[in-house]
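Spelled out, the chains give:
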Amino acid sequence: MIGDNVALDRISIEFGNFQAASDVSVDIRPGEFFSFLGPSGCGKTTILRTISGFQEPTRGTVEIGGRPMKGISPNKRPTALIFQNLALFPLMPVWENIAFGLRVRGMGKTERRARAERLLDIVEMSGTGDKMVSQLSGGQRQRIAIARALAVEPKVMLLDEPLSALDLKLRQHMRAELRAIQERTGVTFIYITHDQGEALAMSDRIGVMSRGRLQQVDSPEAIYNRPVNAFVASFVGENTILDGRIAAEDGKFVRFDTTAGTFLALPGPELQEGAFSRLFVRPEHVRVGGEAASNSVSAAIAKIVFEGNLITVVGRTSHGTDLTAQFTNNSTSIRPKVGDHLNFSFDPADAQVLASEPVRTKEVA
Ligand SMILES: Nc1ncnc2c1ncn2[C@@H]1O[C@H](COP(=O)(O)OP(=O)(O)OP(=O)(O)O)[C@@H](O)[C@H]1O
Ligand SMILES: [Mg+2]
């Protein structure tokens with residue numbers, strides 16, 4: 001089985017005069033694991049409801065498997081939806097929960113049971129068919145919910161923050177599980193989350209959203225390494241951010257003036273002449289110690305956070321600018337002390353100057 005593609009073409013959704021989605025266009029490929037990532041209220045659920053048919057777009061079109069979906073009701077679409085709250089029937093055996101949608105469609109009991117057993121294999125829960133749902137753990141229930149959604153053989157699975165009710169450890173385990181289930185079935189998965197770690201770990205591609213607009217659609221690597229604007233850079237991962245202005249171009253780099261000094265960095269794709277901009281550099285790309293050189297600045301160690309495998313060090317320059325460096329904890333890594341004056345430096349190719357409008361810091365639900 002292979003999933004359908006989902007093409008959104010210039011989708012806008014308005015509630016009264018509030019614009020919940022603006023001009024969203026993306027072509028999600030057959031069998032792709034695609035995530036919409038963005039802060040609370042940015043329009044993720046609204047987009048998913050539009051794909052599933054519970055919400056008609058104000059403008060724009062949805063096509064699934066090449067078929068226009070306008071006027072097609074949710075139960076006639078080749079989609080299945082999974083929410084945070086699973087709505088399983090607790091006092092019904094697992095297998096009947098899974099086969100519930102098939103009974104509604106008039107399939108006989110023997111066939112339903114056989115289909116349920118095959119799906120239990122897919123979600124690695126074989127042998128639990130006769131248990132009651134109330135006897136299962138949160139993660140196990142999640143897998144049953146997925147099996148139930150898969151039972152009706154959707155071409156597209158729509159998942160709205162399905163792991164958010166689980167504890168951290170189980171959530172991390174279920175990421176890998178979900179990805180494996182998606183690969184085993186070949187169904188297109190459209191996944192919604194405000195958790196960047198989840199999106200990075202599971203997706204073929206991610207669409208980062210802010211205020212109803214898609215900011216960037218790219219692979220996890222590209223989203224993390226080459227964010228197109230300040231919103232994407234600050235929503236995904238940690239950064240040192242230096243405010244300033246571009247002084248000159250210098251080969252493939254730009255010379256960027258800040259109060260902490262002048263640095264070389266890559267110019268981002270959405271920069272406009274004269275617009276206010278910011279330099280972004282990831283903590284794992286900042287080195288601490290060594291001689292003063294280009295792209296380096298002296299800073300006093302203000303904070304050290306020991307996290308076992310990682311050490312995070314914050315330095316403050318004489319102008320009050322903070323730089324964050326992170327390195328792995330090994331026998332050769334330096335051991336700075338609070339108050340030490342050390343050089344913080346980074347490679348120009350690891351830093352980007354990005355348009356800072358619109359600047360928004362991480363909003364957490
Ligand atoms: N039926 C509706 N009527 C009016 N406004 C709505 C309606 N549905 C959603 N909205 C608004 O649209 C915006 C986007 O909502 P949506 O539920 O899509 O956000 P979200 O990205 O899924 O957020 P969360 O991560 O909190 O679930 C919100 O400001 C919300 O209040
Ligand atoms: Mg939502």
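Residues numbered from 1 in each chain as written. Chains lettered and ligands numbered in written order. Predicted model: local features only at pLDDT ≥ 70, side-chain atom pairs only at ≥ 80, totals over all residues. Heavy atoms only, no water.

What is the right way to look at the overall build of the protein chain in this model?
A tally of helices and strands in the protein chain yields 9 helices and 20 strands. The principal-axis extent of the C-alpha atoms belonging to the protein chain is close to 75 × 50 × 35 Å. Residues classed as buried in the protein chain amount to 51% of the 365 residues present. Considering only contacts within the protein chain whose residues lie at least 6 apart along the sequence, 67% involve residues at least 24 apart. By element, 50% of the accessible surface of the protein chain is carried by carbon and sulfur atoms, the whole surface being about 17,200 Å². Averaged over its 42 positive side-chain charges, the protein chain has a centre that lies 6 Å from the centre of its 41 negative ones. (Helix = DSSP H or I, 4+ residues; strand = E, 2+ residues; numbered from the N terminus. Buried < 20%, exposed > 50% of the residue type's maximum accessible area, 1.4 Å probe, protein only. Contact = heavy atoms within 4.5 Å. Areas by Shrake-Rupley, 256 points an atom, 1.4 Å probe, with all protein chains shown as cover. Lys, Arg positive; Asp, Glu negative; His and termini not counted. Charge placed at Lys NZ, Arg CZ, Asp CG, Glu CD.)

Would you explain the nonpolar core in this entry?
Most often, soluble globular proteins have nonpolar side chains that are buried together. Counting residues in hydrophobic clusters, the biggest one holds 35 residues, and the most contacted among them are Ile-98, Ile-144, Ile-146, Met-157, Leu-178 and Phe-189. Of all the elements, helix H5 (residues 138-151) adds the most residues to this core, at 7 residues. Sequence-distant contacts of Ile-98, that is, excluding residues within four places in its chain, are made with Ala-116, Leu-119, Leu-120, Ile-144, Ala-147, Arg-148 and Ala-151. (Core = buried A, V, L, I, M, F, W, Y, C linked by side-chain atoms within 4.5 Å.)

What should I look at first to understand H5 in this one?
Think of an α-helix as turning once every 3.6 residues; residues three or four places apart then point the same way. The first and last C-alpha atoms of H5 sit 20 Å apart over 14 residues, in line with the 20 Å expected at 1.5 Å per residue. In terms of burial, H5 is a largely internal element, 11 of the 14 residues being buried. Within H5, the full set of buried residues consists of Gly-139, Gln-142, Arg-143, Ile-144, Ala-145, Ile-146, Ala-147, Arg-148, Ala-149, Leu-150 and Ala-151. For H5, the secondary structure elements touched by its buried residues are strand S6 (79-82), helix H2 (94-98), helix H3 (100-104), helix H4 (109-122), strand S7 (156-160) and helix H6 (168-185). With its phi angle positive at about 50°, Glu-153 sits one or two positions after the end of H5. (Expected span 1.5 Å × (residues − 1).)

Explanation requested: the sheet that holds strand S14 (residues 277-281) in the structure shown.
Each strand in a sheet pairs with its neighbour through backbone hydrogen bonds, running either in the same direction (parallel) or in the opposite one (antiparallel). Spatial ordering of the closed barrel is given by S11-S12-S13-S20-S14, a layout of 5 strands whose pairing is mixed. Going across the sheet, the axis of each strand differs from the next one's by a mean of 55°, ignoring polarity. Bridge analysis of strand S11 (residues 240-250) against strand S12 (residues 253-258) gives 6 bridges, and the strand direction is antiparallel. Across the sheet, Arg-245 pairs through a bridge with Asp-257, a residue of S12. (Pairing = 2+ DSSP bridges. Axes fitted to C-alpha atoms, helices over the stretch in contact; angles between N-to-C directions.)

Everything listed is a geometric property; what it means functionally is a separate question.
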